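# Residue-level structure breakdown
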Amino acid sequence: MLRSTLIALAACAGSLAAVAHADTAQVTGTATYLERIALPKDAVLVVELLDVTESRDRGTLMSGQRFALTGVPQGFTLSYDPALIDEAMVLAIAARIEKGGNTLFRTTSSMAVLTQGNGNSVDLVMQPVAVSATAGIDGTAWRASEIMGQPLGAEKRPEIRFADGRVSVATGCNTFNGPIDVGERDMSFSEQMAGTMMACPPPMDEQERAVLDVLPQVQSYLRSGNELGLIGDGGILLMRLSLLP
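This section reports on the structure supplied with the text. Predicted model only: the values in this text are computed from it and were never measured. For every chain, the first residue of the written sequence is number 1, and numbering continues from 1 along that sequence. For this predicted model, a pLDDT threshold of at least 70 governs which residues receive local features, and a threshold of 80 or more governs which side-chain atom pairs are given and counted, while totals over whole chains, interfaces and linings are taken from all residues. With hydrogens and water set aside, each side-chain value is computed from the structure's full complement of heavy atoms.

For the rest of this paragraph, the subject is the pattern of salt bridges. Salt bridges are defined as contacts in which a side-chain nitrogen from Lys or Arg sits within 4 Å of a carboxyl oxygen from Asp or Glu. Going through the model one piece at a time under the given rule, you end up with 8 salt bridges. Its salt-bridge partner being Arg66, residue Glu98 comes within 3.2 Å of it at the nearest N-O pair. Note that Glu98 is positioned in strand E5 (residues 91-99) and Arg66 in strand E3 (residues 60-68), a separation of 32 residues in sequence. Relative accessibility under 20% of the residue-type maximum defines a buried residue, over 50% an exposed one, and the middle range a partly exposed one, all with a 1.4 Å probe and only protein chains included. For Glu98, a relative accessible area of 12% gives the class buried. In this structure Arg66 comes out as exposed when scored by relative accessible area, which is 52%. Between Asp205 and Arg209 there is a salt bridge, with the nearest N and O atoms lying 3.9 Å from each other. Placement of both Asp205 and Arg209 in helix H3 (residues 204-214) is noted, with a separation of 4 residues, approximately one turn of the helix. The helix count covers DSSP runs of H or I at least four residues long, the strand count covers runs of E at least two residues long, and both are numbered beginning at the N terminus.

Okay, structure coming up:
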């Protein structure tokens, strides 16, 4: 009797699992970006399934999920309820990378899925989100933590201050001042900055050379909350800095 009951319960559980599985379907894919920029450890990938039948710019959310980023391309599997889907709908997948409520990267064009002959797998390429130069940089001060991928261990780490179209760079030994061009994403340090000429003992002399070598290569920047990345040709992260109080 007990054996028969257990068999019946197992069969019932299997049926319920099959029903639950039938109630959901999935969209799979990958999300990446082309810039060679290392993201903060707590950045997350947000993937959404949108109904864009009425508007390609602002869709109705059908399903969404957040994923921990382990690298790019980042694979994802997004579940949705097929009972909500009609073949006449126009559906699209959108993705973005967030940190602390700020969007760093996002898709800029719709990737159609599921309906009207489209499949259930997509490969997404996200673009960096422009940051306002005034809101993001002016009047702020930063301390470097990494140059060309190498952590800085010196007690006096380089500091950079931005104010009113000018920049002050303290290498740990000397201080350099000059104009700076900053746009929504672009940044260019002047090659003719004035500075002090104090002698730098090791290892501070190597740190100063590294700073002065990197600054002329800066072409753009990316701010994410209290972190700032100075970026060179090809999206290479040249310097990582943290916001000073």
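Bringing H3 into the picture now. The set of residues buried in H3 consists of Met204, Asp205, Gln207, Glu208, Val211 and Val214. Residues of H3 that are buried make contact with strand E9 (141-147), strand E12 (166-170), strand E13 (175-182) and strand E18 (237-243). When checking whether two residues touch, look at their non-hydrogen atoms; a contact exists if any pair is within 4.5 Å.

This brings us to the state of the cysteines. Throughout, disulfides are identified as pairs of cysteine sulfur atoms within 2.5 Å of each other. Counted according to the given criterion, the structure contains 1 disulfide. Each disulfide pairs two cysteine sulfurs, and for Cys173 the partner residue is Cys200, the sulfurs being separated by 2.2 Å. Residue Cys173 is found in the loop between E12 and E13, and its partner Cys200 is found in the loop between strand E15 (194-195) and H3; the two are separated by 27 residues along the sequence. On the basis of relative accessibility, which here comes to 18%, the residue Cys173 falls in the buried class.

On to the environment of Pro179. Tracing the chain through its elements places Pro179 in strand E13. Here Pro179 falls in the partly exposed class, since its relative accessible area comes to 41%. Between the C-alpha atoms of Pro179 and Asp164, which are 15 residues apart in sequence, the distance is 9.0 Å. Leave out the neighbours within four places in its chain, and Pro179 touches Gly165, Arg166, Val167 and Ser190.

Along any regular strand, the residues point their side chains to alternate faces of the sheet. For strand E1 (residues 25-33) and strand E8 (residues 121-128), the ladder comprises 6 bridges, and the chain directions are parallel. Bridge assignment links Tyr33 to a residue of E8, and that residue is Met126. Across 2 bridges, strand E6 (residues 102-106) lies against E8 in antiparallel orientation. Residue pairing across strands places Arg106 opposite Gln127, the latter belonging to E8. For two strands to pair, DSSP has to find at least two bridges joining them.

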